[in-house]
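Here are the chains, one letter per residue:
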Amino acid sequence: MTNPVSARITEIFSSFQGEGPLTGERHIFIRFESCHMACVYCDESGKKGRSMSLQQVLRKIKELEKKHGPHSCVSLTGGEPLLYPDFLRKLCPALKKMKLRVLLETSGVLWRNLSKVLPCCDIISMDLKLSSVTGQNGFLKEHEAFLKIAKRKGLYIKIVVSNDLDRREYDAHVRMVAKETPWAPVFLQAAARGRRVCPDKRLWRLMEDLRRRGAGRLPGLRIGIQLHKLLNIT
Ligand code: SF4
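Parameters and conventions
Residues numbered from 1 in each chain as written. Predicted model: local features only at pLDDT ≥ 70, side-chain atom pairs only at ≥ 80, totals over all residues. Heavy atoms only, no water. Helix = DSSP H or I, 4+ residues; strand = E, 2+ residues; numbered from the N terminus. Buried < 20%, exposed > 50% of the residue type's maximum accessible area, 1.4 Å probe, protein only. Contact = heavy atoms within 4.5 Å. Expected span 1.5 Å × (residues − 1). Pairing = 2+ DSSP bridges. Axes fitted to C-alpha atoms, helices over the stretch in contact; angles between N-to-C directions. Parallel < 35°, antiparallel > 145°, perpendicular 65-115°, else oblique. Left-handed = near helix turned anticlockwise from the far one by under 90°. Nonpolar A, V, L, I, M, F, W, Y, C, P; charged D, E, K, R; others polar.

> Quick one: what's the story with the environment of Leu-22, residue by residue and with numbers?
Within the secondary structure, Leu-22 is located in the loop between strand 1 (6-16) and strand 2 (26-32). Its relative accessible area of 11% is what places Leu-22 among the buried residues. Expressed as a C-alpha distance, the spacing of Leu-22 and Cys-73, which sit 51 residues apart in the sequence, is 9.5 Å. Here Leu-22 is in contact with Gln-17, His-27, Cys-73, Leu-103 and Ile-123, once residues within four sequence places are set aside.

> Could you give an account of helix 2 (residues 85-97), naming the residues involved and the relevant values?
For helix 2, with 13 residues, the first-to-last C-alpha span of 19 Å sits near the 18 Å given by 1.5 Å per residue. Of all the positions in helix 2, only Pro-85, Asp-86, Phe-87, Leu-88, Leu-91, Cys-92 and Leu-95 are classed as buried. Following helix 2 by one or two positions, Lys-99 has its phi on the positive side, about 65°.

> Can you explain the sheet that holds strand 3 (residues 50-53)? Please cite residues and give values.
Taken in spatial order, the nine strands make up an open sheet running 3-1-2-4-5-6-7-8-9, and their pairing is mixed. Unpaired on one side and paired on the other, strand 3 and strand 9 (221-223) mark the two borders of the sheet. Along the sheet, successive strands turn relative to each other by an average axial angle of 30°, direction set aside. Strand direction decides the pairing type here: strand 1 and strand 2, joined by seven bridges, are antiparallel. Paired with Ser-14 across the two strands is Ile-28, which belongs to strand 2. Its contacts with the sheet put helix 7 (residues 201-215) on strand 7 (154-161), strand 8 (186-190) and strand 9, and the angle it makes with strand 9 is roughly 165°.

> I'd like a description of the packing of helix 6 (residues 167-180) against helix 7, backed by residues and values.
Axis separation between helix 6 and helix 7 bottoms out at 11 Å; the angle between their running directions is 40°. Taken as axis vectors, helix 6 and helix 7 run oblique relative to one another. The hand of the helix 6/helix 7 crossing is right-handed. The segment helix 6 lies against helix 7, with Arg-167, Tyr-170, Asp-171 and Val-174 engaging Leu-206, Asp-209, Leu-210, Arg-211, Arg-213 and Gly-214. Of the residues belonging to the contact of helix 6 with helix 7, the class tally is four nonpolar, one polar and five charged.

In structure tokens form, the structure reads like this:
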């Protein structure tokens, strides 16, 4: 069992959702420390947080709601929020009592932990982590197990694309998603560290090629933008 009464949190803040179908909505973000992966393009690795109790987190949420609200969602992000399933099982019902929806932003790998928190999440934003892009192991089987659970909720998918992407690996992931959740919105997002917004021309060409390659199986496949980088906000 993980700690149900406190979690390591890097930051809690109010801003606009910058990715996916909820882009432009005002959200409160809770960024959890640590991740089970080490993607080569990660902006968050090594960031240190602090231990916060459930009461401290809820107090901060109330402050932000008063100052910047109304917010449509609380985005649980990271790091990997699913490293804290027992804390989330306490936190999320309290958020719902405050009339806030819960968006879980995750690497889409830790499916056992997802099943523990699914009832208290409203929307799942999951990544498909291609080993040719992350520099890590592949997780096709884990992603499939994750999708089988996540599809009971609102769901969208993000695939980070770099020039190192292996098209055969991409095709295998597209086939798997087409089998499990052909209706899901899927966003191709350029790997860009830091505040960089526009990928190079070669990467744009690759993204357009991937869109065309996958669109027959996945009608919801599209190019994703990162609004917060365009607006140069957090
Ligand atoms: S899954 Fe996300 S937080 Fe974890 S290493 Fe990869 S990019 Fe960073």
